[in-house]
Amino acid sequence: RRVRCFMVCIREDIWNEKGQADFNFPVFDGEPIPLGTVTINTTEAEAEEYTISDRLWQGHINRTARNIERNTGFTAHEADLGRPSNTIAARYGKDGKECLIPQAGQNPRKLTRDECRRLFGYPEGFIMPVAKTPAYKQFGNSVVVPVVTMISENIIEYLGR
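Since we're looking at a predicted model, the values are computed, not measured.

**Considering the overall build of the protein chain**
Within the protein chain, the secondary structure is distributed over seven helices and two strands. For the protein chain, the sequential pattern of α-helices and β-strands runs α-α-α-α-β-β-α-α-α. Its C-alpha radius of gyration of 20 Å places the protein chain more than 25% over the 15 Å reference for a compact globule of 161 residues. Projected onto the principal axes, the alpha-carbon positions of the protein chain cover approximately 65 × 40 × 30 Å. Looking at the protein chain residue by residue over its 161 residues, the buried ones come to 32%. Of the contacts formed within the protein chain by residues at least 6 apart in sequence, a portion of 62% connects residues at least 24 apart. By element, 54% of the accessible surface of the protein chain is carried by carbon and sulfur atoms, the whole surface being about 10500 Å².

**Here we look at the nonpolar core**
Ranked by internal contacts, the top residues of the largest apolar core, which has 16 residues, are L35, I88, Y92, C99, L111 and F139. If one sorts the elements of this core by residue count, helix α6 (residues 132-140) sits on top with three residues. If near-sequence neighbours (up to four positions away) are discounted, C99 is found in contact with L35, A79, S85, I88, Y92, R109, K110 and L111.

**Here we look at a nonpolar patch on the surface**
Together, F6, F25, F28, V148 and M150 make up an exposed nonpolar region whose accessible area comes to about 390 Å². Topologically, F6 is positioned in the segment before α1 (12-18).

**Considerations on the pattern of salt bridges**
Summed over the entire model, instances satisfying the criterion amount to eight salt bridges. Across the pair E115 and R109 runs a salt bridge whose closest N-O atoms are separated by 2.8 Å. Note on accessibility: E115 and R109 belong to one class, buried. Among the ionic contacts, a cluster of salt bridges with common partners joins D114, R117, R118 and E124.

**Re the side chain of T64**
Position of T64 among the secondary structure elements: in helix α3 (residues 54-70). If we skip the residues at most four places from it in the chain, T64 touches F74, T75, A76 and H77.

**Overview of the state of the cysteines**
What the rule picks out here adds up to zero disulfides. No disulfide involves C5; its nearest neighbouring cysteine sulfur is the one of C9, lying 9.7 Å away. Relative accessible area serves as the criterion here: at 62%, C5 is assigned to the exposed category. C116 carries a free sulfur, and the closest cysteine sulfur to it, the one in C99, is 7.9 Å from it.

Definitions and cut-offs
Counting of residues starts from 1 at the beginning of each chain's written sequence and follows it residue by residue. Given that this is a predicted model, residues contribute local features only at a pLDDT of at least 70 and side-chain atom pairs are listed and counted only at 80 or more, while totals for whole chains, interfaces and linings are drawn from all residues. The side-chain quantities take in all heavy atoms of the structure and omit both hydrogens and water. Only runs of H or I of at least four residues qualify as helices and only runs of E of at least two qualify as strands under DSSP, and these elements are numbered from the N terminus. The atom set for the radius of gyration is the C-alpha atoms, and the globule formula is 2.2 Å times the number of residues raised to the power 0.38. Relative accessible area decides the class of each residue, using a 1.4 Å probe on protein chains only: under 20% of the type maximum gives buried, over 50% gives exposed, and in between gives partly exposed. The contact criterion used is simple: two residues touch if any of their non-hydrogen atoms lie within 4.5 Å. In short, Shrake-Rupley with a 1.4 Å probe defines the accessible areas, and a residue's cover is counted only from the protein chains shown. Throughout, nonpolar core names a set of buried Ala, Val, Leu, Ile, Met, Phe, Trp, Tyr and Cys residues whose side chains join them through atoms within 4.5 Å. Each patch is built from salt-bridge-free residues with over 30% relative accessible area, joining like charges within 9 Å and nonpolar side chains (Val, Leu, Ile, Met, Phe, Trp, Tyr) within 5 Å. By definition here, a salt bridge exists when the distance from a side-chain nitrogen of Lys or Arg to a carboxyl oxygen of Asp or Glu is within 4 Å. Cysteine sulfur atoms are paired as a disulfide whenever they come within 2.5 Å of each other.

Here it is in structure tokens:
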């Protein structure tokens, strides 16, 4: 749900040779992908490892109530797994408030590194940082890989004509 602006810039000599009409920016259609599709293969051990503490969860609850009352500031709620993910910020590893996964009978949890990898469309074998904080920072600063792939393929097609 993070709005991104992708600009395709073409050198003037190539533009003059090939023209504007031949470049087609890809059309992204279809239904939004629900967050729950990236959480389906998570093990109980992983869920337990990423579950936030009572103190952190209570802090989120208190801060959210205070900010709603003042009509200002950030809020933290459990994510709706049937809807697209909220934005994952580079600071996600700090407290996970942007996207907390609900769990029956316990505190919510943060997304695992592997769930973030799937969320951003990185391939199965993608090598990511072992430590959580740099991994979250990488994903929080990332673009969605399939989107960039489609744009790149259209650029290659345009240049190949």
